[in-house]
Amino acid sequence: MVQSINTKVDLVIDATSHIGVADYGKIMIGDKGFEFFNSRDAHKFIQIPWEEVDHVIASVMFKGKWIPRFAIRTKRNGMFTFSSKDPKKVLRAIRVYVDPNHMVQSLSFFKVIKRGLKSKFKK
């Protein structure tokens, strides 16, 4: 069994990790970090201390009514993408430990296209 890095747990919720093939499990948010534990394989887990979190990026649709997924960008190990049953509750729990200025929305489809066209015509 994997040892948790948290001493106090704020939230445990069902979630999916979108790293490679989708893995189902639970997200645990506590005082020391963010953790994902796979429900089928105990060896597949992700532990991210709060000091390592650089940005939290949320994919927001329909003016905040629906958040299909969110990602955590770390300082050294890249980006981890997750979805959960209640992403607003998860993001509110993360906001306690991560500076709200480091929690951002991802670009929409049209904003990505607009940026691409601007860079094409700028050259």
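Everything below is about the structure printed above this text.
Residues numbered from 1 in each chain as written. Predicted model: local features only at pLDDT ≥ 70, side-chain atom pairs only at ≥ 80, totals over all residues. Heavy atoms only, no water.

A. A look at the sheet that holds strand β5 (residues 53–61). In spatial order, the strands read β4-β3-β2-β1-β7-β6-β5-β8; together these 8 strands make up an open sheet with mixed pairing. Either end of the sheet is taken by a strand with one partner, and the two such strands are β4 (45–49) and β8 (103–105). Mean inter-strand twist for the sheet, computed between neighbouring axes without regard to direction, equals 30°. Here 3 bridges tie strand β1 (residues 9–17) to strand β7 (residues 79–84), and the two strands are oriented antiparallel to one another. Across the sheet, S17 pairs through a bridge with F82, a residue of β7. Its contacts with the sheet place helix α1 (residues 87–95) against β1, β2 (23–30), β3 (33–38), β5, β6 (66–74), β7 and β8, and it is angled at close to 35° to β6. (Pairing = 2+ DSSP bridges. Helix = DSSP H or I, 4+ residues; strand = E, 2+ residues; numbered from the N terminus. Axes fitted to C-alpha atoms, helices over the stretch in contact; angles between N-to-C directions. Contact = heavy atoms within 4.5 Å.)

B. View of the pairing of β7. Counting buried residues in β7 gives 5 out of 6 residues, a clear majority hidden from the surface. In textbook terms, the turn of a hairpin is the stretch between consecutive antiparallel strands, and for β6 and β7 this stretch comprises 4 residues, one of which, G78, has a positive phi near 95°. (Buried < 20%, exposed > 50% of the residue type's maximum accessible area, 1.4 Å probe, protein only.)

C. Representation of a nonpolar patch on the surface. On the surface, a nonpolar cluster with roughly 640 Å² of combined accessible area is contributed by F109, F110, I113, L117 and F121. With respect to the secondary-structure elements, F121 resides in helix α2 (residues 109–122). Taking relative accessible area as the criterion, F121 reaches 72% and is therefore assigned exposed. (Patch = residues over 30% accessible without salt bridge, like charges linked within 9 Å, V, L, I, M, F, W, Y side chains within 5 Å. Areas by Shrake-Rupley, 256 points an atom, 1.4 Å probe, with all protein chains shown as cover. Salt bridge = Lys/Arg side-chain N within 4 Å of Asp/Glu carboxyl O.)

D. View of the packing of aromatic side chains. Overall, the coordinates contain 6 aromatic pairs when judged by the stated rule. Where F70 meets F82, the ring centres are 6.2 Å apart and the plane angle is 35°; that geometry is what we call tilted. You can see F70 sitting in strand β6 and its partner F82 sitting in strand β7, a full 12 residues away along the chain. Neither F70 nor F82 differs from the other in exposure class; each is buried. Centre to centre, the rings of F109 and F110 are 5.4 Å apart; their planes meet at 75°, and the pair counts as edge-to-face. In this structure F110 comes out as exposed when scored by relative accessible area, which is 66%. An aromatic cluster is present here, built from F34, F36, F70 and F82 joined pairwise through their rings. (Phe/Tyr/Trp six-rings, centres within 6.5 Å; stacked < 30°, edge-to-face > 60°.)

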